[in-house]
Amino acid sequence: MFSIIQAAGWPIWPLILCSVVALALIIERFSSLREARIAPPKLLDEVISVTRSSLPGPDVVAKLAGNSLLGRVLATGVRAVISEPRITEHNLRNAFEAAGRAAVHHMERYLNTLGTIAAAAPLLGLLGTVIGMIEIFASQGGSTGANPQQLAHGISIALYNTAFALMIAIPSLMFYRYFRGKVDEYILDLEQASERMVPHLMRFTVQQR
């Protein structure tokens, strides 16, 4: 492996850094975007069941907020009704929307970085290819004719950097698209859960006349 890095020249080092960062982000996003941490399937039904007759106490709401990202959004709505019994439906929806925006920001964290790596890796590979071509042309100059060693080194730089760049860019792009799809699914789940909770929580408000 070290011999390959030597043959690829210095342009390979930015690509190695990109590969390490991309791998770390992919592992982190796989862990953070698990269903249990974002939107457990039965959580909404459990919350509606628990709050069917009355609003829960602060300890239960705090436990709900720490359950998952969906739990945090639902807890925001419950807290809004507890803190303001005369809250209007419009303001309750605004509370859910604000919590939803914060949840989306949390889910999309690091995705732009992963997408940037997927886009930048081929350009870094192209840079390595250009540098390799410069080495190749340089090997043809001089009064002594072609330098086989420099020619081989230039070819190695061009090919290794191109191949390594594609090995980084293709998986990074695939995982970026995969995580974007997961986030979109979760956003829909959060929106649907909020829509169900609004009329449910409005039953506990004091309607103004």
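Residues numbered from 1 in each chain as written. Predicted model: local features only at pLDDT ≥ 70, side-chain atom pairs only at ≥ 80, totals over all residues. Heavy atoms only, no water.

An unreviewed UniProt entry annotates the chain as MotA/TolQ/ExbB proton channel family protein of Caldimonas mangrovi. You can read under Sequence similarities (unreviewed entry) in the UniProt record for the chain the words "Belongs to the exbB/tolQ family." (UniProt positions renumbered as here; feature names shortened; annotations may be inferred.)

Core analysis: the biggest nonpolar cluster contains 53 residues, and L74, L92, F96, M107 and M197 have the highest contact counts within it. A total of 15 residues in this core trace back to one element, the largest contributor, which is helix α9 (residues 148-202). Not counting the four nearest positions on each side in its chain, F96 is found in contact with V73, L74, G77, S194, M197, V198 and L201. (Core = buried A, V, L, I, M, F, W, Y, C linked by side-chain atoms within 4.5 Å. Buried < 20%, exposed > 50% of the residue type's maximum accessible area, 1.4 Å probe, protein only. Helix = DSSP H or I, 4+ residues; strand = E, 2+ residues; numbered from the N terminus. Contact = heavy atoms within 4.5 Å.)

The subject of this paragraph is the environment of S19. For S19, the position within the fold is in helix α2 (residues 12-32). Classification of S19 as partly exposed rests on a relative accessible area of 23%. Distance in space between the C-alpha atoms of S19 and A98 is 35 Å, their sequence separation being 79 residues. With near-sequence residues (within four places) excluded, S19 lies in contact with F164 and I168. A polar contact is formed between the side chain of S19 and the backbone oxygen of I16, at a distance of 2.6 Å. (Polar contact = N/O pair within 3.5 Å; in protein donor to acceptor, adjacent residues only side chain to side chain.)

Before going further, it helps to examine the packing of helix α4 (residues 43-50) against α9. Direction vectors running N to C along α4 and α9 enclose 5°, while the axes themselves pass 11 Å from each other. On the basis of the axis angle, α4 is roughly parallel to α9. Only A193, R196, M197 and H200 of α9 make contact with α4, whose side of the interface consists of L44, D45, V47 and I48. Here the residues of the contact of α4 with α9 sort into five nonpolar, one polar and two charged. (Axes fitted to C-alpha atoms, helices over the stretch in contact; angles between N-to-C directions. Parallel < 35°, antiparallel > 145°, perpendicular 65-115°, else oblique. Nonpolar A, V, L, I, M, F, W, Y, C, P; charged D, E, K, R; others polar.)

Before going further, it helps to examine unusual backbone geometry. Working note: non-glycine residues mostly have negative phi, and peptide bonds are mostly trans. Of note, Y110 is a non-glycine position whose phi angle comes to about 75°, a positive value. By relative accessible area, which is 36% here, Y110 ends up partly exposed.

Next up on the list: the confidence of the model for the chain. When pLDDT is averaged along the chain, the result is 88; 90% of the residues meet or exceed 70. Mean pLDDT in the chain bottoms out at helix α1 (residues 2-8), which sits at 66, and peaks at helix α7 (residues 89-107), which reaches 95. (pLDDT = per-residue confidence, 0-100.)

All told, the structure shown has seven salt bridges when counted by the stated rule. Residues E89 and R93 are paired through a salt bridge, measuring 3.0 Å at the closest nitrogen-oxygen approach. Taken together, the positions of E89 and R93, both in helix α7 and four residues apart, correspond to about one turn of that helix. With a relative accessible area of 38%, E89 lands in the partly exposed category. Three or more residues joined by partner-sharing salt bridges are found here, namely E28, R29 and R109. (Salt bridge = Lys/Arg side-chain N within 4 Å of Asp/Glu carboxyl O.)

Turning our attention to the UniProt feature "transmembrane region" (unreviewed entry) in the chain. Mapped onto this numbering, the UniProt entry gives "transmembrane region" (unreviewed entry) at residues 12-30, 110-134 and 154-176. Each end of residues 12-30 is marked by a C-alpha atom, and these two atoms are 27 Å apart; helix forms 100% of the span and strand 0%. With 100% helix and 0% strand, residues 154-176 has its two end C-alpha atoms placed 33 Å apart.

With that settled, the discussion passes to the packing of α7 against α9. Between α7 and α9, the shortest axis-to-axis distance is 10 Å and the interhelical angle comes to 160°. Taken together, the axis directions place α7 and α9 in an arrangement best described as roughly antiparallel. When the axes of α7 and α9 are compared, the crossing they make is right-handed. Along its contact with α7, which presents E89, L92, R93, F96, A103, V104 and M107, the element α9 presents V183, Y186, I187, L190, S194, E195, M197, V198, L201 and M202. Broken down by class, the residue content of the contact of α7 with α9 amounts to 13 nonpolar, one polar and three charged. (Left-handed = near helix turned anticlockwise from the far one by under 90°.)

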